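The primary structure of each chain is shown beneath.
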Amino acid sequence: AQTVTQSQPEMSVQEAETVTLSCTYDTSENNYYLFWYKQPPSRQMILVIRQEAYKQQNATENRFSVNFQKAAKSFSLKISDSQLGDTAMYFCAFMKHTWGGSQGNLIFGKGTKLSVKP
Amino acid sequence: EAGVTQFPSHSVIEKGQTVTLRCDPISGHDNLYWYRRVMGKEIKFLLHFVKESKQDESGMPNNRFLAERTGGTYSTLKVQPAELEDSGVYFCASSQLAASEKLFFGSGTQLSVL
């Protein structure tokens, strides 16, 4: 069975600085997807960034980037130039890839509550 | 384009009562998922519809939970009778069949069972 671990329940960062959120996972699968989701106070889960396991290049979306270490089963999220609007719960998630398309069964970590301070 | 919408946003009920949660997916999305986050724990998968059929219901906790998706459009999740441990946030998500790893989530329903 797959598991996702986020070892930092809470973190804080000063506005404009950089912060890294940790995520490790355990799986025997070779093909899968990894995600970071953001849940602001509005509660809607928003996809921040997505990584396919077969791609060695780390995914980047504007100020958000990941450090994907497949052998170490690590998938950390780096937020550069933090903004007040980045304050949210951040969830790391895993999805197994199956032939014909993924099945949408996401496995989540417990989340990291990030506070960006002015 | 409207996103995934869930009703109600909050529900407070007493133990033993029945509650029905509703999810309207993005128009044209064949895949619909229900997830739940109990306080302090991980968000857990409950079940997956493809159109009106249940593709995977391995995450449903027990037979007090009934999910339906008549006509393959909106879905309901009924809890009957509700127990204290059912409290949490219930999320719905949808995706297109061709790119089902890209899930779009709703804002969830906060259920409190007293």
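Reading guide: rules and limits
- Residues numbered from 1 in each chain as written.
- Chains lettered and ligands numbered in written order.
- Predicted model: local features only at pLDDT ≥ 70, side-chain atom pairs only at ≥ 80, totals over all residues.
- Heavy atoms only, no water.
- Helix = DSSP H or I, 4+ residues; strand = E, 2+ residues; numbered from the N terminus.
- Rg over C-alpha atoms; globule rule 2.2 N^0.38 Å.
- Buried < 20%, exposed > 50% of the residue type's maximum accessible area, 1.4 Å probe, protein only.
- Contact = heavy atoms within 4.5 Å.
- Buried area = accessible area lost by both parts, 1.4 Å probe.
- Salt bridge = Lys/Arg side-chain N within 4 Å of Asp/Glu carboxyl O.
- Polar contact = N/O pair within 3.5 Å; in protein donor to acceptor, adjacent residues only side chain to side chain.
- Core = buried A, V, L, I, M, F, W, Y, C linked by side-chain atoms within 4.5 Å.
- Pairing = 2+ DSSP bridges.
- Axes fitted to C-alpha atoms, helices over the stretch in contact; angles between N-to-C directions.
- Disulfide = S-S within 2.5 Å.
- Phe/Tyr/Trp six-rings, centres within 6.5 Å; stacked < 30°, edge-to-face > 60°.
- Lys NZ or Arg CZ within 6 Å of the ring centre and 35° of its normal.

It is worth spelling out the overall build of chain A at this point. The secondary structure content of chain A amounts to zero helices and twelve strands. If you list the helices and strands of chain A from N to C, you get β-β-β-β-β-β-β-β-β-β-β-β. A compact globule built from 118 residues would reach a C-alpha radius of gyration of about 13 Å, and chain A, at 14 Å, matches this within 12%. Counting only C-alpha atoms, chain A reaches 45 × 25 × 25 Å along its principal axes. Expressed as a percentage of the 118 residues in chain A, the buried residues total 47%.

This next bit is on the interface of chain B and chain A. Residue-level contacts link 25 residues of chain B with 21 residues of chain A. For the pair chain B and chain A, the summed buried surface comes to about 1900 Å²; carbon and sulfur atoms form 49% of the total. Among the residues chain B hides against chain A, the three largest losses belong to Ile-43, Glu-101 and Phe-105 of chain B. Together they make up 33% of the total. Inspection of the region where chain B meets chain A yields zero salt bridges. One can count seven residue pairs in polar contact (both at pLDDT 80 or more) joining chain B with chain A. Where the side of chain B that touches chain A is concerned, the elements lending two or more residues are β4 (31–37), β5 (43–50), β6 (53–56), β9 (88–95) and β11 (109–113) of chain B.

Right, let's talk about the nonpolar core for a bit. Core analysis: the largest hydrophobic core is formed by 25 residues, its most contacted members being Tyr-25, Trp-36, Phe-75, Leu-77 and Tyr-90 of chain A. Here this core gets four residues from one element, more than from any other, and that element is strand β10 (residues 88–96) of chain A. Leu-32, Phe-49, Val-79 and Tyr-90 of chain B belong to the second largest nonpolar core, which has 21 residues in total.

Residues and elements named next belong to chain B. Taken together, the four strands give an open sheet; going across it, the order is β1-β3-β8-β7, and neighbouring strands pair in antiparallel fashion. Sheet topology places β1 (5–7) and β7 (65–68) at the edges, where each strand pairs with a single neighbour. Put simply, the sheet's adjacent strands are angled 15 degrees from each other on average, direction ignored.

The step from Phe-7 of chain B to Pro-8 of chain B runs through a cis peptide bond, and the omega angle for that step is -15 degrees. Note on placement: Pro-8 of chain B falls in the loop between β1 and β2 (10–13). Across the junction of Gln-80 of chain B and Pro-81 of chain B, the peptide omega takes the value -10 degrees, indicating a cis bond. Take Pro-81 of chain B: it is sitting in the loop between β8 (75–79) and β9. Positive phi values are uncommon outside glycine, yet Asn-62 of chain A reaches one of about 55 degrees.

Further remarks concern the state of the cysteines. This model, assessed by the stated rule, comprises two disulfides over all chains. Paired by a disulfide, Cys-23 of chain A and Cys-92 of chain A hold their sulfur atoms 2.0 Å apart. For the disulfide bridge between Cys-23 of chain A and Cys-92 of chain A, the dihedral angle about the S-S bond is near -70 degrees, and by the sign convention the bridge is left-handed. With Cys-23 of chain A in the loop between β3 (19–21) and β4 (24–26) and Cys-92 of chain A in strand β10, this pair connects stretches of sequence that are 69 residues apart. With respect to burial, Cys-23 of chain A and Cys-92 of chain A carry one shared label: buried. At a sulfur-sulfur separation of 1.8 Å, the disulfide partner of Cys-23 of chain B is Cys-92 of chain B. In this structure, the disulfide formed by Cys-23 of chain B and Cys-92 of chain B twists by about -65 degrees around the S-S bond and is classed as left-handed.

Turning next to the packing of aromatic side chains. The full count for this structure, using the stated rule, is 16 aromatic pairs over all chains. With centroids separated by 6.2 Å and ring planes inclined at 85 degrees, the aromatic side chains of Phe-91 of chain A and Phe-108 of chain A adopt a geometry described as edge-to-face. Of this pair, Phe-91 of chain A sits in strand β10 while Phe-108 of chain A sits in strand β11 (residues 107–108), and the two are 17 residues apart along the sequence. Residue Phe-91 of chain A shares its accessibility class with Phe-108 of chain A, and that shared class is buried. Here the aromatic residues Tyr-33, Phe-35, Tyr-37, Phe-91 and Phe-108 of chain A together with Tyr-35, Phe-45, Phe-91 and Phe-105 of chain B are joined through ring pairs into a cluster of three or more. Sitting over the ring of Tyr-74 of chain B, Arg-22 of chain B keeps its end group 3.8 Å from the ring centre.

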